[in-house]
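Here are the chains, one letter per residue:
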Amino acid sequence: MKVVAFKRELQGSGASRRLRNSGQTPGIIYGGTEAPVTISLDHNALYHALKKEAFHSSILDLEIDGKVQKVLLRDFQVHAFKQLVLHADFQRVTASEKLHVKVALHFENAEISPAVKLHGATISHVLNEIEIECLPADLPEFITVDLTNVDVGTSVHVADLALPKGVTAVTHGNDLTVATASVPAGQVAAEAAAEEPKK
């Protein structure tokens, strides 16, 4: 994905306010061997890009003055109640350096799992994203969680995920729960009542 930015000479809250008033969003690029560079971006283009999941977990081509750099969106601030992006931080990416980044989880096949199909269970998504480590070339847009074999009373953990080649999960020693299957309480009571022998 491509992002066009402009070098920003003036800094400070007054300059940032004037930028925002003119439809621009202030930002910064840091990392790598070069010094940090303050930039401005077209607000509307950035606002719409932030709605795309891939924008948050893809290597972006950031163009400044005709030069393209590989970057990763690291942080952004949004106004508390206005549809306004206040600031965006990008980190330079080097092909040989591993990244630590959070990637979204996509859940698939819940409807064909024994938990849902046989028991009418609800599958709860405990995590919506996980932290991974990989080289920029191996960065996945998202990670798929296959729920085909999930049954009632079982959980899916990070260790159960089929991670793409070159990608490792960063769990800090915890095998975190990703999803669980449980039957709603009312349904359990109804099934128990139905199974009681009639007098």
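Worth saying up front: this structure is predicted, and the values here are computed from it rather than measured.

**Considering the sheet that holds strand β13 (residues 177–182)**
If you trace the 3 strands from one edge of the open sheet to the other, you get β8-β13-β11, paired in antiparallel fashion. The open sheet is flanked by β8 (122–125) and β11 (155–157), the only strands paired with a single partner. Going across the sheet, the axis of each strand differs from the next one's by a mean of 15°, ignoring polarity. Strand direction decides the pairing type here: β11 and β13, joined by 3 bridges, are antiparallel. For Ser155, the partnering residue across the bridge sits in β13 and is Thr180.

**Examining the sheet that holds strand β10 (residues 142–146)**
Strand pairing in a sheet takes place through backbone hydrogen bonds and is either antiparallel or parallel in direction. If you walk across this open sheet you meet the 4 strands as β10-β7-β9-β12, and the pairing is mixed. The open sheet has two free edges, formed respectively by β10 and β12 (168–169), since each of these has just one partner strand. Where strand β7 (residues 99–108) meets strand β9 (residues 129–134), 6 bridges bridge the pair, whose relative direction is antiparallel. Residue pairing for β9: Ala104 is matched across the bridge by Glu129.

**Topic: the pairing of strand β6 (residues 85–92)**
Look at any regular strand and the pattern is simple: side chains alternate between the two faces of the sheet. Inspection of the sheet shows strand β2 (residues 24–30) paired to β6 by 4 bridges, in the parallel sense. Residue pairing for β6: Ile29 is matched across the bridge by Phe90. When strand β5 (residues 67–78) meets β6, the two strands line up antiparallel, connected through 7 bridges. For Asp75, the partnering residue across the bridge sits in β6 and is Asp89. The loop that links β5 with its antiparallel partner β6 comprises 6 residues.

What counts and what doesn't
- Residues numbered from 1 in each chain as written.
- Predicted model: local features only at pLDDT ≥ 70, side-chain atom pairs only at ≥ 80, totals over all residues.
- Heavy atoms only, no water.
- Pairing = 2+ DSSP bridges.
- Helix = DSSP H or I, 4+ residues; strand = E, 2+ residues; numbered from the N terminus.
- Axes fitted to C-alpha atoms, helices over the stretch in contact; angles between N-to-C directions.

Nothing here speaks to function; it is geometry throughout.
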